[in-house]
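# Examination of the molecular architecture
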Amino acid sequence: MLTGLGSIIGSGWLFGAWRAAGLAGPGAVWAWVLGAAIVTTIALTYAELGAMFPESGGMVRYSHYSHGTLLGFIGAWANWIAIVSVIPVEAEASVQYMASWPYPWAQALYVHMPDGRGELQGLGLVIAAVLVVVYFLLNFWSVRLFARSNAIITVFKMVVPAATALALIASGFHPGNFSVGAAGGAYTPDFAAVLTAVATAGIVFSYNGFQSPVNLAGEARNPSRSVPFAVLGSIAIAAVIYVLLQVAYIGVVPPEKLAAAGWHGIDFRSPFAELALIVNLNWLAALLYADAFVSPSGTGITYTASTARMIYGMSRNGTLATAFSRLHERYAVPRPAMWFNLAVSFLFLFFFRGWGKLAAVISVATIISYLNGPVSAISLRRTAARMHRPLRLPGLPVVSGLAFVFASELLYWARWPLTGEVLLLILVALPVYAYYHVRNRGEDLAQQFRGAAWLVTFLPTMAAISWAGSERFGGHGLLPWGYDLVVVAVVALGFYIWGARSGWETRALREAQAQFASLQSP
């Protein structure tokens, strides 16, 4: 569970409350609750899969088992983009907090602009790059070293956010702030703003850390118990901490700062540290500046481990170079995959130089990566009915259907044109698949396409709905507010049924059944 918490409690807690309040005002509290409920529903399907296939890099393998190599690659690509880009964003978060230190050299690290659109400057980029290398080195000599360092960091990360929320609430709470709207004036509930906050303010991005225990299932001693416990327990504990932080943020901001433009006009470089200074909690501000390195670094370390296993898993799927599937003889870590992820992390770092810019892209890529899990889980109930399931989720047809609909709604809430831009980033990976399919003389391409046709059709369909949707979600207003949510749910349910029926007993599934059956035999 510490691995999951180590991923979930990262830079999201340092900036998420500020970003969510700027979008939804006091409704941001409910955004965290709703986000936790939605991600828990999705995570339940992955918990069954993680216990069923206890292997490293499992998140990029499940749809490969259930629907073939093409669907497996699309899902793996989206998942990998969503996770590998977190490594540099955590380093950026640490440096961004440094930019509010009372020293000219520190303030020059980052140029801040409204709506989180600022960028790291020269020295700031260098420091962030050094932090990425540190994450890399801490994982280079095996998962055991990673686990020891991560356990210490995670305990610290749990204590500091909770203590921050309680200390700020006790120091000077303004209940009247909960009656101020996002744009100023009296607060009126805006459900659309709450939904957008869930999708883009860093909430889904924060909870996405539940994937780490699943990806590290191969290293677990008893995955049938530890994987579900780690996934669900980490989300529950993190949700309590995040709600406390959001309540503290809304209640402690000085009312005079809200007078001009409401929550949207609040412009902090390091939100909680600056609030601590405002209420004269200098000791807390100092602790927060230190934790701005510890919390993001814990997540960066965890994701450096899990992304290496994703590349390792895609290589085993036959959709990336075989060199990435090599494990170090002594330390049993996929070092070639780690080097590749390090290079990609540097690319994300230098092209997306601010937390706000990269967090929005990560959120949408994360949502897309959620789509395959519920479909794979229900499809495998049919195609691998006899396979041993250490965790058999009750009511899976309903849970997985809801999970797919929720993921589809999240994608829509992320707003046009961001949805279309990230969907394009996912689909451009198809030539990579085609190259390795031909090179490795993969299985029948027509069969692979039939297994993935539902998702290949679903993604542009969702882009079209987003374009035509309500203006509240950045669309062109062809679908009125309220009806658009119903349309998304109905369309998603239809594609879910199509996807569930598209799975078959793939060769990879037969091999996995034989492999795990031999491990379970006495």
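It should be emphasised that the depicted structure is a prediction, and the values quoted were computed from it without experimental measurement.

### Quick notes on the overall build of the chain
- For the chain, the helix and strand inventory stands at 25 helices and two strands.
- The 522 residues of the chain split such that 61% are buried.
- The long-range fraction of contacts in the chain, counting pairs at least 24 apart against all pairs at least 6 apart in sequence, stands at 82%.
- Surface summary for the chain: the accessible area is close to 19,000 Å², and the carbon and sulfur share equals 66%.

### Concerning the nonpolar core
- The biggest cluster of nonpolar side chains holds 172 residues, and the ones touching the most others in it are Phe53, Tyr249, Phe272 and Ile368.
- Contacts of isoleucine 368, omitting those with residues within four sequence positions, involve Ala78, Leu411, Val422, Leu423, Ile426 and Leu459.

### Section: the packing of helix α19 (residues 372–383) against helix α24 (residues 483–502)
- It is at 8 Å that the axes of α19 and α24 come closest, and there the two elements cross at 45°. Here α19 is positioned oblique relative to α24, judged by the angle of their axes. When the axes of α19 and α24 are compared, the crossing they make is right-handed. Across the interface between the two elements, Pro374, Val375, Ile378, Ser379 and Arg382 of α19 pack against Tyr496, Gly499, Ala500, Arg501 and Ser502 of α24.

### A closer look at empty space enclosed by the protein
- By the definition in use, this model includes three cavities of 30 Å³ or more.
- Its volume calculated, the largest cavity comes out at about 70 Å³.
- If you trace the largest cavity, you find it lined by Tyr46, Met59, Val60, Tyr62, Ser63, Gly72, Gly75, Ala76, Asn79, Ser369, Asn372 and Gly373.
- Those elements that provide at least two residues to the lining of the largest cavity are α4 (62–67), α5 (69–84) and α19.
- No other element matches α5, which puts four residues into the lining of the largest cavity.
- Taken together, the residues of the lining of the largest cavity break down into five nonpolar, seven polar and no charged.

### Re the side chain of serine 85
- Secondary-structure assignment places serine 85 in the loop between α5 and α6 (86–98).
- In this structure the side chain of serine 85 is engaged in a polar contact, spanning 3.4 Å, whose partner is the backbone oxygen of alanine 82.

### What about helix α16 (residues 282–316)?
- For α16, built from 35 residues, the straight-helix expectation of 51 Å at 1.5 Å per residue is met to within 8% by its first-to-last C-alpha distance of 51 Å.
- A bend of about 35° at aspartate 291 is the largest found in α16.
- With respect to burial, α16 is a largely interior element, 27 of its 35 residues being buried.
- Of the residues flanking the end of α16, it is glycine 318, one or two places downstream, whose phi is positive at about 85°.

### Considerations on helix α15 (residues 271–278)
- Of the residues making up α15, those classed as buried are Pro271, Phe272, Ala273, Leu275 and Ala276.
- Just beyond α15, the residue with positive phi is asparagine 280, at close to 65°.

### Quick notes on the packing of aromatic side chains
- Within the structure shown, the criterion is met by 31 aromatic pairs.
- Aromatic pair phenylalanine 473 and tryptophan 481: ring centres 5.8 Å apart, planes at 45°, arrangement tilted.
- For tryptophan 481, a relative accessible area of 30% gives the class partly exposed.
- Within the aromatic cluster, the residues linked to one another by ring pairs are Phe15, Trp18, Tyr97, Trp101, Tyr103, Trp105 and Tyr289.
- If you follow arginine 19 out to its NZ or CZ, it ends over the ring of tryptophan 18, 5.9 Å from the centre.

### Topic: the packing of helix α23 (residues 445–468) against α24
- Across the interface, α23 lies against α24 with an axial gap of 8 Å and an inter-helix angle of 170°. By the angle class used here, α23 and α24 are roughly antiparallel. Mapping the contact onto sequence places Arg450, Gly451, Ala453, Trp454, Thr457, Phe458, Thr461, Met462 and Ile465 in α23 and Val487, Val488, Val491, Ala492, Phe495, Trp498, Gly499 and Ser502 in α24.
- Of the residues that constitute the contact of α23 with α24, the class distribution is eleven nonpolar, five polar and one charged.

### Concerning unusual backbone geometry
- Positive phi values are uncommon outside glycine, yet asparagine 280 reaches one of about 65°.
- Tracing the backbone shows asparagine 280 in the loop between α15 and α16.

### Remarks on a nonpolar patch on the surface
- A cluster of nonpolar side chains, contributed by Tyr103, Trp105, Leu123, Val126, Val130 and Val134, occupies part of the molecular surface with about 560 Å² of accessible area.
- Here the nonpolar patch takes four residues from helix α8 (residues 122–140), the largest share from any one element.
- By secondary structure assignment, the location of valine 126 is in helix α8.

### What to know about the environment of aspartate 267
- Relative to the helices and strands, aspartate 267 resides in the loop between α14 (255–258) and α15.
- For aspartate 267, a relative accessible area of 42% puts it in the partly exposed group.
- Separated by 249 residues in sequence, aspartate 267 and tryptophan 18 place their C-alpha atoms 8.7 Å apart.

### Some remarks on the pattern of salt bridges
- Tallied over the entire structure, the rule returns three salt bridges.
- Glutamate 48 is paired through a salt bridge with arginine 381; the nearest N and O atoms lie 3.0 Å apart. Note that glutamate 48 is positioned in helix α3 (residues 28–52) and arginine 381 in helix α19, a separation of 333 residues in sequence.
- Owing to a relative accessible area of 1%, glutamate 48 belongs among the buried residues under this scheme.
- On the basis of relative accessibility, which here comes to 18%, the residue arginine 381 falls in the buried class.

Calculation notes
- Residues numbered from 1 in each chain as written.
- Predicted model: local features only at pLDDT ≥ 70, side-chain atom pairs only at ≥ 80, totals over all residues.
- Heavy atoms only, no water.
- Helix = DSSP H or I, 4+ residues; strand = E, 2+ residues; numbered from the N terminus.
- Buried < 20%, exposed > 50% of the residue type's maximum accessible area, 1.4 Å probe, protein only.
- Contact = heavy atoms within 4.5 Å.
- Areas by Shrake-Rupley, 256 points an atom, 1.4 Å probe, with all protein chains shown as cover.
- Core = buried A, V, L, I, M, F, W, Y, C linked by side-chain atoms within 4.5 Å.
- Axes fitted to C-alpha atoms, helices over the stretch in contact; angles between N-to-C directions.
- Parallel < 35°, antiparallel > 145°, perpendicular 65-115°, else oblique.
- Left-handed = near helix turned anticlockwise from the far one by under 90°.
- 1 Å grid on protein atoms, 1.4 Å probe; cavity = no way out; pocket = protein on both sides within 12 Å on 5 of 7 lines; lining within 4 Å.
- Points joined across faces, edges and corners; volume = space filled by probe spheres on them.
- Nonpolar A, V, L, I, M, F, W, Y, C, P; charged D, E, K, R; others polar.
- Polar contact = N/O pair within 3.5 Å; in protein donor to acceptor, adjacent residues only side chain to side chain.
- Expected span 1.5 Å × (residues − 1).
- Bend = angle between axes of the 7 residues up to and from the residue.
- Phe/Tyr/Trp six-rings, centres within 6.5 Å; stacked < 30°, edge-to-face > 60°.
- Lys NZ or Arg CZ within 6 Å of the ring centre and 35° of its normal.
- Patch = residues over 30% accessible without salt bridge, like charges linked within 9 Å, V, L, I, M, F, W, Y side chains within 5 Å.
- Salt bridge = Lys/Arg side-chain N within 4 Å of Asp/Glu carboxyl O.

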